[in-house]
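Here are the chains, one letter per residue:
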There are 2 protein chains.
Amino acid sequence: MTFKYKNVYINEVSTVVGPYESKGPLKDYFDMLFDKLTISEKTWEKAEIMLLKYSVSIVLEKAAESKENIDLFISGDLLNQIVSSSNAALSFGIPFLGVYSACASYVEAMIIASNMINAGQIKKAICGTSSHNLAAEKQFRYPTEYGAPLVKTTTFTATGGASIFISNEPSNIKIESSTIGRVIDKGQKDSAYTGAAMAPAAADTIYKHLKDTKRSIDYYDLIITGDLGLYGKEILIDYMKEEYNIDISKKLKDCGIVLYDLAKQKEVMAGGSGPVCSALVFNSYVLEKMKDKTFKKVLFVGTGALYSTTMVYQRCSIPSIAHIISLELVK
Amino acid sequence: MTFKYKNVYINEVSTVVGPYESKGPLKDYFDMLFDKLTISEKTWEKAEIMLLKYSVSIVLEKAAESKENIDLFISGDLLNQIVSSSNAALSFGIPFLGVYSACASYVEAMIIASNMINAGQIKKAICGTSSHNLAAEKQFRYPTEYGAPLVKTTTFTATGGASIFISNEPSNIKIESSTIGRVIDKGQKDSAYTGAAMAPAAADTIYKHLKDTKRSIDYYDLIITGDLGLYGKEILIDYMKEEYNIDISKKLKDCGIVLYDLAKQKEVMAGGSGPVCSALVFNSYVLEKMKDKTFKKVLFVGTGALYSTTMVYQRCSIPSIAHIISLELVK
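Criteria and thresholds
- Residues numbered from 1 in each chain as written.
- Chains lettered and ligands numbered in written order.
- Predicted model: local features only at pLDDT ≥ 70, side-chain atom pairs only at ≥ 80, totals over all residues.
- Heavy atoms only, no water.
- Helix = DSSP H or I, 4+ residues; strand = E, 2+ residues; numbered from the N terminus.
- Rg over C-alpha atoms; globule rule 2.2 N^0.38 Å.
- Contact = heavy atoms within 4.5 Å.
- Areas by Shrake-Rupley, 256 points an atom, 1.4 Å probe, with all protein chains shown as cover.
- Lys, Arg positive; Asp, Glu negative; His and termini not counted.
- Charge placed at Lys NZ, Arg CZ, Asp CG, Glu CD.
- Buried area = accessible area lost by both parts, 1.4 Å probe.
- Salt bridge = Lys/Arg side-chain N within 4 Å of Asp/Glu carboxyl O.
- Polar contact = N/O pair within 3.5 Å; in protein donor to acceptor, adjacent residues only side chain to side chain.
- Nonpolar A, V, L, I, M, F, W, Y, C, P; charged D, E, K, R; others polar.
- Core = buried A, V, L, I, M, F, W, Y, C linked by side-chain atoms within 4.5 Å.
- Buried < 20%, exposed > 50% of the residue type's maximum accessible area, 1.4 Å probe, protein only.
- Phe/Tyr/Trp six-rings, centres within 6.5 Å; stacked < 30°, edge-to-face > 60°.
- Lys NZ or Arg CZ within 6 Å of the ring centre and 35° of its normal.
- Least-squares fit on C-alpha atoms with pLDDT ≥ 70 in both.
- pLDDT = per-residue confidence, 0-100.
- Axes fitted to C-alpha atoms, helices over the stretch in contact; angles between N-to-C directions.
- Parallel < 35°, antiparallel > 145°, perpendicular 65-115°, else oblique.
- Left-handed = near helix turned anticlockwise from the far one by under 90°.
- Arc of directions from axis to C-beta.
- Disulfide = S-S within 2.5 Å.
- Expected span 1.5 Å × (residues − 1).
- Pairing = 2+ DSSP bridges.
- Right-handed = clockwise from strand over helix to strand, strands pointing away.

### Comments concerning the overall build of chain A
Counting its regular elements, chain A contains 10 helices and 14 strands. For a compact globule of 331 residues, the expected C-alpha radius of gyration is about 20 Å, and chain A comes in at 18 Å, within 12% of that figure. With respect to the principal axes defined by its C-alpha atoms, chain A has extents near 55 × 50 × 35 Å. Of the contacts made within chain A by residues no fewer than 6 positions apart, 78% connect residues no fewer than 24 positions apart. Accessible surface for chain A amounts to roughly 11800 Å². Of this, 49% is attributable to carbon and sulfur atoms. Each charge class in chain A can be summarised by its mean position, and for the 37 positive and 36 negative side chains these summaries are 3 Å apart.

In structure tokens, the structure reads:
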């Protein structure tokens, strides 16, 4: 399902990160950096909640808006029952919609906000997301065996909070269209290789977007996925070529690879993941490179592996989804 | 945040239920009844997925629509990572938005769909939800101590799947307006008494709705909450009276109390809960009683306790939310 927008703009963004992201190549872009994973809280979950809260505070401050003026807060995260999002929503008291598409939650939130803004139903929205490396490890991978080696396809959940302020007030970056994806499952069962599960979902939504908008891949200066990682990215390139005869290799970057220095930060293995990974890269690198005119037209493809430990234990494969927003530099 | 709609209609609904609901007072309304909790599946989670899938199939059949004609499927459920919803979405291949507001997820889904339909962004949507008594018990209450008595404020997760087909094609029931709530937390920490956590959230959104629409409570023939249970309902009545000087006692019903015969079905304690509880009552009792003109104007208040076991173990209180849709009999 593809939507076209006339008057939806990105006005402000914020980024709050943990120690690993603070050592990565995008460190100079971020608003708030923590050198410890605790974020001065007593549990990983409370740390993640704080990361999201800080990001909402910062974006409100940058936009010089009080929380009472925001029509809607839309957010989703990986923690069970999306508790980071609901607790951040509690702090600010803004009407709240909780969403879940795993690591595509941030794009899902932006699509819902964009539709409402374009229709004049709301004027100002904040979309947010967060993840925390150890909160995610604890929830999805505990108990972790001591000394178990990581396989090379594993990704590393990013630690941070990210928010975006979207409204009908013109800025230099416009959300021009969006595409809601469908759930795809090609039978991948390895939870240490979610890039392989998500690549076909990314391909499906990219193809649908190009078809619906009658555009070729050349229309875009950058296709940025989040987060397929090193191997998932290669699968996406092959899949697009074989399935649709479209070569995206020259346009494609993946947020999981952009967020860290994979050569030096060996612990991230195939790259970053977690919903905040692509949100951090989008809010910093992508938007900055649009503002300096490196990229004028960008396709941002949020990819989510919709797996639960319960279903993986029942030997089910991993369904995935991808949602898209298309960005345009206005001036 | 309140929205007004001009052309959003409820065209078809479906209800699939388990053994406890099949013995309740609404049994004659339901489309598909199972006498065992297994739903012929090997795990409770797979059983819940099937309940939702059946409900989507039935609503498609009733509406005489093929899945290819549906613009959007919006769904949420209680299972971690909303796996029932994403697996149902996988089966039908309809573009999918996952949502989460606990037991208010069904109303959240209907609000998003209504906004898009009213703006002409989509024409046809299916919203769904599900829950399963033992899948929920396993996830939220395991390990359950043998012989532990249930406290009287406990609610009983309903087993079922429910779907609704909403479009811009006129029918006799219209979604006339909606209100998105904010997260409220008054410090309630007892996960066996979620009715007490949710009642203030219900009050907050009802008050906001009346204020935004400039209506008094007399405008509505029925206010139906889901799911506060016996004690939560009393708290809501008291709270509305004390906080806002509004008497809703004569108009108020609660889906958790309507779904079961509390005098005979002792196992449900203070009433039903789970996202499908209010969806089942809405799709059967509420809509049928609108069609026979018992109620012409109905306020449907979805209430969700946004708690996670992780946060309860960390001694956090339970944030809650309520979302509203307002229904009107057209002819």
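### Section: the interface of chain B and chain A
Quite often, the size of an interface is put as the accessible area lost when its parts meet. Between chain B and chain A, the contact holds 52 residues from the first and 52 residues from the second. Summed over both partners, the interface of chain B with chain A buries about 4100 Å², with 65% contributed by carbon and sulfur atoms. Three residues, Q81, Y100 and Q121 of chain B, lead the burial of chain B against chain A; their summed loss comes to 16% of the area buried on that side. Summed over the shared surface of chain B and chain A, the number is zero salt bridges. The tally of links between chain B and chain A comes to 14 residue pairs in polar contact (both at pLDDT 80 or more). For the side of chain B that touches chain A, the element with the most residues is helix α3 (residues 83-92) of chain B, which contributes five residues. Here the side of chain B that touches chain A is composed, by residue class, of 29 nonpolar, 16 polar and seven charged.

### Remarks on the nonpolar core
If you look at the biggest cluster of nonpolar residues, it comprises 114 residues, and the most contacted ones within it are F282, F300 and L327 of chain A together with F282, F300 and L327 of chain B. With near-sequence residues (within four places) excluded, L327 of chain B lies in contact with I10, I173, K174, I175, F282, M290, K296, K297, V298 and F300 of chain B. Of all hydrophobic cores here, the second largest spans 103 residues; its members include L60, L236 and I321 of chain A together with I126 of chain B.

### Thoughts on unusual backbone geometry
Along the chain, G226 of chain A connects to D227 of chain A via a cis peptide bond; the corresponding omega equals 0°. Summarising the element assignment, D227 of chain A is placed in the loop between β10 (222-226) and α7 (229-244). Even without being glycine, A64 of chain A reaches a positive phi, approximately 55°. Summarising the element assignment, A64 of chain A is placed in the loop between α2 (44-63) and β4 (72-77). A positive phi is found at K214 of chain B, a non-glycine position, where the angle reads about 55°.

### Observations concerning the packing of aromatic side chains
Each aromatic ring pair is characterised by the separation of its centres together with the angle its planes make. Residues and elements named next belong to chain A. Evaluation of the coordinates by the stated rule reveals 20 aromatic pairs over all chains. Between the aromatic rings of Y239 and Y244, the centroid separation amounts to 6.4 Å while the plane-to-plane angle is 65°, which identifies the pairing as edge-to-face. With relative accessibility at 19%, the residue Y239 sits in the buried group. Every member of this aromatic cluster is reached through a ring pair, and the members are Y20, F156 and Y260. A cation sits over an aromatic face here: R215 above Y219, 4.1 Å from the ring centre.

### Let's talk about the relation of the copies chain B and chain A
With an axial shift of 0.0 Å and an RMSD of 0.0 Å, the rotation relating chain B to chain A amounts to 180°. The operation mapping one copy onto its partner corresponds to a two-fold rotation axis. The position closest to the rotation axis in chain B is occupied by the C-alpha of V99 of chain B, lying 2.1 Å away. The residues that chain B uses at the interface reappear at the interface of chain A in 100% of cases, marking a shared surface.

### Some words on the environment of E21 of chain A
All names here are of chain A. Looking at where E21 falls in the secondary structure, it is placed in helix α1 (residues 19-22). The spatial distance from the C-alpha of E21 to the C-alpha of A88 is 22 Å, given a sequence separation of 67 residues. A polar side-chain atom of E21 sits 3.3 Å from the main-chain amide nitrogen of G18.

### Let's talk about the confidence of the model for chain A
Scored by pLDDT, chain A comes out at a mean of 96, with 100% of its residues at no less than 70. In the model output, the complex is listed with pTM 0.98 alongside ipTM 0.97.

### Points about the packing of helix α6 (residues 194-213) of chain B against helix α7 (residues 229-244) of chain B
Residue and element names in this part refer to chain B. It is at 8 Å that the axes of α6 and α7 come closest, and there the two elements cross at 45°. With respect to each other, α6 and α7 are oriented oblique. Handedness of the α6/α7 crossing: right-handed. Residues G195, A196, A199, P200, A202, A203, D204, I206 and Y207 of α6 form the contact with α7, whose participating residues are G232, I235, L236, Y239, M240 and Y244. Grouping the constituent residues of the contact of α6 with α7 by class yields 12 nonpolar, two polar and one charged.

### Some points on helix α5 (residues 133-141) of chain A
Residue and element names in this part refer to chain A. Every buried residue of α5 is accounted for by N133, A135, A136, Q139 and F140. Looking down the long axis of α5, one finds its buried residues gathered within 165° of arc, a one-sided arrangement. The inward-facing, buried residues of α5 contact α2, β6 (124-131), β7 (156-157) and α10 (309-313).

### Notes on the state of the cysteines
Evaluated as defined, the whole model comprises zero disulfides over all chains. Looking at the unpaired C277 of chain A, the closest cysteine sulfur is the one in C255 of chain A, lying at 6.1 Å.

### Notes on α2 of chain A
With 20 residues, α2 of chain A extends 29 Å from end C-alpha to end C-alpha; this agrees with the ideal 28 Å at 1.5 Å per step. Phi turns positive one or two residues past the end of α2 of chain A, at A64 of chain A, with a value near 55°.

### Here we look at the pairing of β10 of chain A
Residues and elements named next belong to chain A. Of all five residues in β10, five are buried; the element is thus mostly enclosed. In terms of strand pairing, β10 meets strand β13 (residues 297-305) through five bridges, oriented parallel. For G226, the partnering residue across the bridge sits in β13 and is G302. As a crossover connection, the stretch from β10 through α7 into strand β11 (residues 252-254) is right-handed.

### Regarding the pattern of salt bridges
Close approach of charged atoms allows side chains with opposite charge to pair. All chains considered together, the criterion is met by 20 salt bridges over all chains. For D204 of chain A, the salt bridge is made with R182 of chain A, and the minimal N-O distance between the two is 2.9 Å. With D204 of chain A in helix α6 (residues 194-213) and R182 of chain A in the loop between β9 (173-179) and α6, the pair connects residues that are 22 residues apart, well separated along the chain. Given a relative accessible area of 12%, D204 of chain A falls into the buried group. Here D31 of chain B makes a salt bridge to K62 of chain B, at a shortest N to O gap of 3.0 Å. Taken together, the residues D31 of chain B in the loop between α1 (19-22) and β3 (32-33) and K62 of chain B in helix α2 (residues 44-62) connect sequence positions 31 residues apart.

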